[in-house]
Each structure stands twice: as structure tokens, then as C-alpha cells.
Amino acid sequence: MAVSRTIALVACVKTKATTARQARDLYMSDLFVKASTYAEKAADAWYILSAKYGLVDPSTVIAPYEKTLKRMRVAERKAWAAQVFRDLRTVAVKAGDTVIILAGKEYREYLLDPLKALGCRVEIPMEGLSFGNQLSWLKERL
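First, a word on what this report is: a plain description of the structure on this page.

Take the environment of Glu123 next. With respect to the helices and strands, the residue Glu123 is situated in strand β7 (residues 121-123). Distance in space between the C-alpha atoms of Glu123 and Gly104 is 13 Å, their sequence separation being 19 residues. Once residues lying within four places of it in the same chain are set aside, the contact partners of Glu123 are Thr98, Val99, Ile100 and Ile101. At 2.9 Å, the side chain of Glu123 forms a polar contact with the side chain of Arg121.

Below you can see the structure in the form of C-alpha cells.
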């Protein structure tokens, strides 16, 4: 039987570098830096949830962009989530895994049911916390 793993998903953020670079270094906010550092420590592997590129390996070089799920229609967010789930199934996630989601509602809402149906344990440790409390939660754990 395959060993279960912990996979973390970190949402992209608005503030980005001005030139293409590895995704882990593209996003410039304090929240992203802390969330990705936490993901590296807490999980066997981690990925970025990008509004433009979908599921992104942190080492993948991508260009800066202006796109957010918050401005997408429900159908677009559902299609985005379906593609992210397909990509997760290809590269990382299987039944029995734990998925830690460090992302807001728009980024996780249509991923939860497919992940649970697959047999994954889903954790949303910062659910319901304000922005400041999310930073505090992460800081306490780093």
C-alpha cells in the first residue's frame, strides 16, 4: 500500500515581482511568504493556486499577471477548480492523503468536495481568521 502524504496548497496574491521568476519567488506579500514557508515545513510537497495558471509547482518560472478568482463568475471558478483537481490528481494527490489549504474561499470552495470524495483529509487551518489573525497564526508556527 502506498504511503499517504501531506500536500499543502497556497493561494497566489496580488503583489508580485515585475519580471518572470520561479513561482515561489514571484509573489511578494508577507502572507504569501509566511504561508509558503509554513507549507514547506508542514507538508511533503506544496503547490501554488494561481488564478491564471491553476496549480503551479513552486519551482516553475511564470510571468507576473493580473487575475483573481474574486472577479470570476461561478462557472469560471468551477472550471478552474476542476482543472486544478485534475492536475492535483496527476502530480500529487491520492486517496488517504492530507491536503492543507492555505487559501481563501474562492480558491478552495470547489476543490473541497472532489478532494473529500477522493478520500483525502482536508484541513483549512486559517478558515474564518481575519487577515491579521492569519499572519499571527502563521508567525506562531514558524
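Here we take up the pairing of strand β3 (residues 45-50). Counting buried positions over the six residues of β3 gives six, a clear majority of the element. Alternating positions in β3 separate into two faces, Ala45, Tyr47 and Leu49 on one and Trp46, Ile48 and Ser50 on the other, with burial throughout. Direction of pairing for strand β1 (residues 6-11) relative to β3: parallel, over a ladder of five bridges. Its bridge partner being in β3, Ala11 is matched across the sheet by Leu49. Across three bridges, β3 lies against strand β4 (residues 54-56) in antiparallel orientation. Looking across to β4, one finds that Leu49 is bridged to Leu55.

On to helix α6 (residues 131-141), then. For an α-helix, 3.6 residues make a turn, and residues three or four places apart therefore share a direction. For α6, the full list of buried residues reads Gln134, Leu135, Trp137 and Leu138. Considered in projection along α6, the buried side chains sweep an arc of 160° and stay on one side of the axis. Turned more than 90 degrees away from the buried face of α6, the exposed residues are Lys139 and Glu140. Those residues of α6 that are buried are in contact with α2 (30-42).

All right, on to the sheet that holds strand β6 (residues 98-102) then. Ordered by their spatial adjacency, five strands build an open sheet running β4-β3-β1-β6-β7, and the pairing between neighbours is mixed. Edge strands, defined here as strands with exactly one partner in the open sheet, are β4 and β7. The mean inter-strand angle of the sheet, taken between neighbouring strand axes irrespective of direction, is 25°. Note that β1 and β6 share five bridges and pair parallel. Residue Ala8 lies in a different strand from β6, and its bridge partner there is Ile100. Lying on the sheet, α2 is in contact with β1, β3 and β6; it crosses β1 at an angle near 175°. Sheet strands in contact with helix α3 (residues 74-91) are β1, β3 and β4, and its direction is about 35° off that of β4.

In total, this model carries seven salt bridges according to the counting rule given. With its nearest N and O atoms 2.9 Å apart, the salt bridge here joins Asp97 to Lys94. In this structure, Arg108 and Glu127 form a salt bridge, with 3.6 Å as the shortest nitrogen-oxygen distance. Residue Arg108 is found in helix α4 (residues 105-108), and its partner Glu127 is found in the loop between β7 and α6; the two are separated by 19 residues along the sequence.

Definitions and limits used
Residues numbered from 1 in each chain as written. Predicted model: local features only at pLDDT ≥ 70, side-chain atom pairs only at ≥ 80, totals over all residues. Heavy atoms only, no water. Helix = DSSP H or I, 4+ residues; strand = E, 2+ residues; numbered from the N terminus. Contact = heavy atoms within 4.5 Å. Polar contact = N/O pair within 3.5 Å; in protein donor to acceptor, adjacent residues only side chain to side chain. Buried < 20%, exposed > 50% of the residue type's maximum accessible area, 1.4 Å probe, protein only. Pairing = 2+ DSSP bridges. Arc of directions from axis to C-beta. Axes fitted to C-alpha atoms, helices over the stretch in contact; angles between N-to-C directions. Salt bridge = Lys/Arg side-chain N within 4 Å of Asp/Glu carboxyl O.

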